[in-house]
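Architecture and fold: a report
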Amino acid sequence: MKYKDFNGSIEELVLLKIKEIETAEHVKILHAVESGSRAWGFASPDSDYDVRFIYVRPQKYYLGLQPKQDFIDWALDETLDINGWDLSKTLQHFHKSNATLFEWANSPVVYLTTPEWRQIYAASEPYFSCKSAMYHYYGTARKNYHEHLTEDFVKYKKYFYVLRPILACKWIEKKACPPPVLFRELANEVLAPELKEVVSRLLQAKTQMPESEKAPRIDQLNEYIVKELHYYKEAVDSMRDDRTADWEALNHVFLTTICQNGRVPRDPCAALAAYFHACIIRIVHGAAHNEALPEFFRQRLFFTYDAYTLQRAAPHTVLKTPPAPPQAMYTSYEGGIPVRRLYG
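Conventions adopted
Residues numbered from 1 in each chain as written. Predicted model: local features only at pLDDT ≥ 70, side-chain atom pairs only at ≥ 80, totals over all residues. Heavy atoms only, no water. Buried < 20%, exposed > 50% of the residue type's maximum accessible area, 1.4 Å probe, protein only. Helix = DSSP H or I, 4+ residues; strand = E, 2+ residues; numbered from the N terminus. 1 Å grid on protein atoms, 1.4 Å probe; cavity = no way out; pocket = protein on both sides within 12 Å on 5 of 7 lines; lining within 4 Å. Points joined across faces, edges and corners; volume = space filled by probe spheres on them. Nonpolar A, V, L, I, M, F, W, Y, C, P; charged D, E, K, R; others polar. Salt bridge = Lys/Arg side-chain N within 4 Å of Asp/Glu carboxyl O.

1. Side note on helix α4 (residues 87–95)
Residues separated by three or four positions in an α-helix point in the same direction, a consequence of the helix having 3.6 residues per turn. Burial analysis of α4 places seven of its nine residues in the buried class, which makes it a mostly covered element. All of the buried residues in α4 are L87, K89, T90, L91, H93, F94 and H95. Just beyond α4, the residue with positive phi is S97, at close to 60°.

Right under this line is the structure:
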């Protein structure tokens, strides 16, 4: 494809943009996919490419107090629409069972993915809520129908923006899991048989029409849509809330991922030094709490422990001279009465 001064495939272009984003934003992209009409399988000849990605920043970024931006908008023109979500935002929306996010996770067009993303989605998939997803798809279908399909002449692409969410509701009602992203897969499974031929003709016409072109409304489809919208309004209202309240799995995968992303490779000598440091700290700290040792010796150990750990954490800190240990005392008995005296 031709894009400005770039000659190559769309896949090569998207991967080039991903590298640009990672370098400029200091992030690691975990998953990048196509969304929208090209992922759904009914793109028009002049449809743009809607690229969505999930990214993670270095570990220390999440530990800072600065305000944090949880999204990146990178490109928006007649060809490319590229934006992404931070891992923290992604997991928060998985907890809400965000239907669009589940579509990104199951897109048939994957530009890049990672082992970390597979772990993230495995932890997030159980948070899918049938009621939340059906409410989203019902609302999408209802909005698009009333805004775009009630005139005498309509954009045929808008039929798919209504039919697809209705079929997604049917899939969820039947299978209780995230619906497939491809429209054809949905239609083959849950579309009424008497509508398959008319929808097939509509799909063929739509993929050959420019985005803005209009054609006569199809009353058979409008009647079907009105009936299904009425049904799913009542169905969703009567469903129980099946969202998962617990955060444990999402917290765990979040911490695991950012720790992996913030880990700096260490040479063997540094690793061995760290091991001996830990051993010394354990020995000194344990001895300082041993009440069988003399008090003045334990005080010296406590100072040594505090000074050593502080010096490791802040090597340029000037340490004060340790306090002089108290003079040792002993007990003598004078006439059967114990008396505490100083040595020397």
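2. Thoughts on the layout of surface pockets
There is about 390 Å³ of room inside the largest pocket. Along the wall of the largest pocket there are 26 residues; nearest its centre are G36, S37, W40, E103 and Y161. Among the elements of the structure, β3 (28–35), α2 (37–40), β4 (49–56), α5 (99–105), α7 (130–148) and α8 (157–175) are those that each provide at least two residues to the lining of the largest pocket. The element that contributes the greatest number of residues to the lining of the largest pocket is α8, accounting for five residues. Here the lining of the largest pocket is composed, by residue class, of nine nonpolar, nine polar and eight charged.

3. With respect to the pattern of salt bridges
Using the criterion set out here, one finds 15 salt bridges in the structure. For E147, the salt bridge is made with K143, and the minimal N-O distance between the two is 3.3 Å. In this pair, E147 and K143 both sit in helix α7, four residues apart, roughly one turn of the helix. Take E147: its relative accessible area is 48%, and that puts it in the partly exposed class. Given the relative accessible area of 48%, K143 is considered partly exposed. With its nearest N and O atoms 2.9 Å apart, the salt bridge here joins R217 to D219. The class for R217 is partly exposed, based on a relative accessible area of 29%.

So yeah, pure geometry; function would need other evidence.
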